[in-house]
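Structural description and commentary
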Amino acid sequence: MAFTAKDVVALREKTGVGMMDCKKALVEADGDMDKAVEILREKGLASAAKKSSRVAAEGTVSTYNDGKAASLVEVNCETDFVAKGEPFVKLANQIAKTVVEANPADIDALLASKVSDGNGTVEEAVQEVFLALRENMKVRRFERIEGHVVSYIHAGGTVGVLVAFDADDAIAAKPEFETMGKDVAMQIAAMSPEYLGKDDISDDELAKMRNITVESALNKPDSLPAPILKDLIATACNEKRWSDADIAMYEEKKDNMKFLFNFLSEDAIPVLAQIAMEKKADITANPIFAKVVDGRINKQIKEICLLEQPFVKEDSMNVARYVASVANTLGGDIKVSKFVRFAKGEGIEKKQDDFAAEIASMVK
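Let me begin by describing the structure that accompanies this report. (Residues numbered from 1 in each chain as written. Predicted model: local features only at pLDDT ≥ 70, side-chain atom pairs only at ≥ 80, totals over all residues. Heavy atoms only, no water.)

Right, let's talk about the packing of helix 9 (residues 175–191) against helix 16 (residues 319–330) for a bit. In contact at an axis separation of 10 Å, helix 9 and helix 16 are set at 175 degrees when each is read in the N-to-C sense. Accordingly, the angle class assigned to the pair helix 9 and helix 16 is roughly antiparallel. In this structure, helix 9 uses Glu176, Phe177, Thr179, Met180, Asp183, Val184 and Gln187 to contact helix 16, whose residues at the interface are Val319, Tyr322, Val323, Val326 and Leu330. For the contact of helix 9 with helix 16, the per-class residue count stands at eight nonpolar, two polar and two charged. (Axes fitted to C-alpha atoms, helices over the stretch in contact; angles between N-to-C directions. Helix = DSSP H or I, 4+ residues; strand = E, 2+ residues; numbered from the N terminus. Parallel < 35°, antiparallel > 145°, perpendicular 65-115°, else oblique. Contact = heavy atoms within 4.5 Å. Nonpolar A, V, L, I, M, F, W, Y, C, P; charged D, E, K, R; others polar.)

Dropping the structure here:
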């Protein structure tokens, strides 16, 4: 079957593939347009397999919310240029909508689902965009939450957030609720909390946090309470574990220890840290030290728990109090029940090109 230049152009418009590839596909298909499309898809699959080992750490985070359920999806590609292009962004938005409508159980089920606002499956839709853009692409992860959910996308898909609330329909329908939800979602995007509230931290995690805090404090003895620090210094002096110069400096400065450590040698603090570890049992049993550790842990909890974090728009209150204040204004109850935060490419190790080594290997 013969074909014309117009057929080549039509195939390019249909698939987004280069003119020469389109011409070769039409030759192979003997001018049959549908068969040529299938050939390009098959070749695209082969090409995609070759490129699948290339790191896809760019991409976008997309969301879709139909009022009953909301989704968050991360789709990756290789370059920021492709990630910001209309075809890739459209694909990510279609996949986010598919998650809400199809409610897939996992990535495999999502890829097998019929893509929203398009033909074929999600996997086929990804392949179509790959054919046009020729970059490794991957649907990495998704989350779907039902109920009263507010979504937020930051910086054009760099970070995405879903935050779910327990509230009655009348409260959730008010514009003040939407504003509050957006504020909380922006807080999550900016502050990246790990937990909803302190009750969500397991006993094992709390024990690990306390142990790390204790070890950190003992290894930084100059930050310890004065009575404990003076006991460590006394041991260092009495047992001659400090140099004569450091002991003399301490004797000179002990009535005003504020700047003592500016004058001691580099070895002085490590010696105190070693003594502190030797006396760990006694120090950890000291109520003064326990109070210091509790204070540091509480500070960490305020950093990692959403409801405990100072509200970024008004740091005189935490997020829990902000939500409660809006609930009080609206005359009902509002509880934050869940949140999800995706940051594009987080956890993906990007390839670091060593151009000097590459050039050196080429000239050997």
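What follows covers the sheet that holds strand 1 (residues 58–65). The three strands lie next to each other as 1-2-3, forming an open sheet whose pairing is antiparallel. In the strand order of this sheet, the two ends are held by strand 1 and strand 3 (138–146), each with one partner. Adjacent strand axes in the sheet meet at a mean angle of 10 degrees when their direction is disregarded. Across eight bridges, strand 2 (residues 69–77) lies against strand 3 in antiparallel orientation. Note on strand 3: the bridge partner recorded for Val73 is Phe142. (Pairing = 2+ DSSP bridges.)

Let us now look at the packing of aromatic side chains. According to the stated counting rule, one finds three aromatic pairs in the structure shown. Between the aromatic rings of Phe165 and Phe177, the centroid separation amounts to 5.3 Å while the plane-to-plane angle is 75 degrees, which identifies the pairing as edge-to-face. One end of the pair, Phe165, is in strand 5 (residues 159–166); the other, Phe177, is in helix 9, with twelve residues separating them in the sequence. Each member of the pair, Phe165 as well as Phe177, is classed as buried. With a centroid separation of 6.4 Å and an interplanar angle of 70 degrees, the aromatic rings of Trp242 and Tyr250 are classed as edge-to-face. We note that Trp242, like Tyr250, is buried. For the cation-ring pair, Arg141 lies above Phe342, with the distance from its terminal atom to the ring centre recorded as 4.1 Å. Across the ring face of Phe263, the terminal group of Lys253 is positioned such that the distance to the ring centre comes to 4.1 Å. (Phe/Tyr/Trp six-rings, centres within 6.5 Å; stacked < 30°, edge-to-face > 60°. Buried < 20%, exposed > 50% of the residue type's maximum accessible area, 1.4 Å probe, protein only. Lys NZ or Arg CZ within 6 Å of the ring centre and 35° of its normal.)

Bear in mind that shape data such as this cannot, by itself, settle questions of function.
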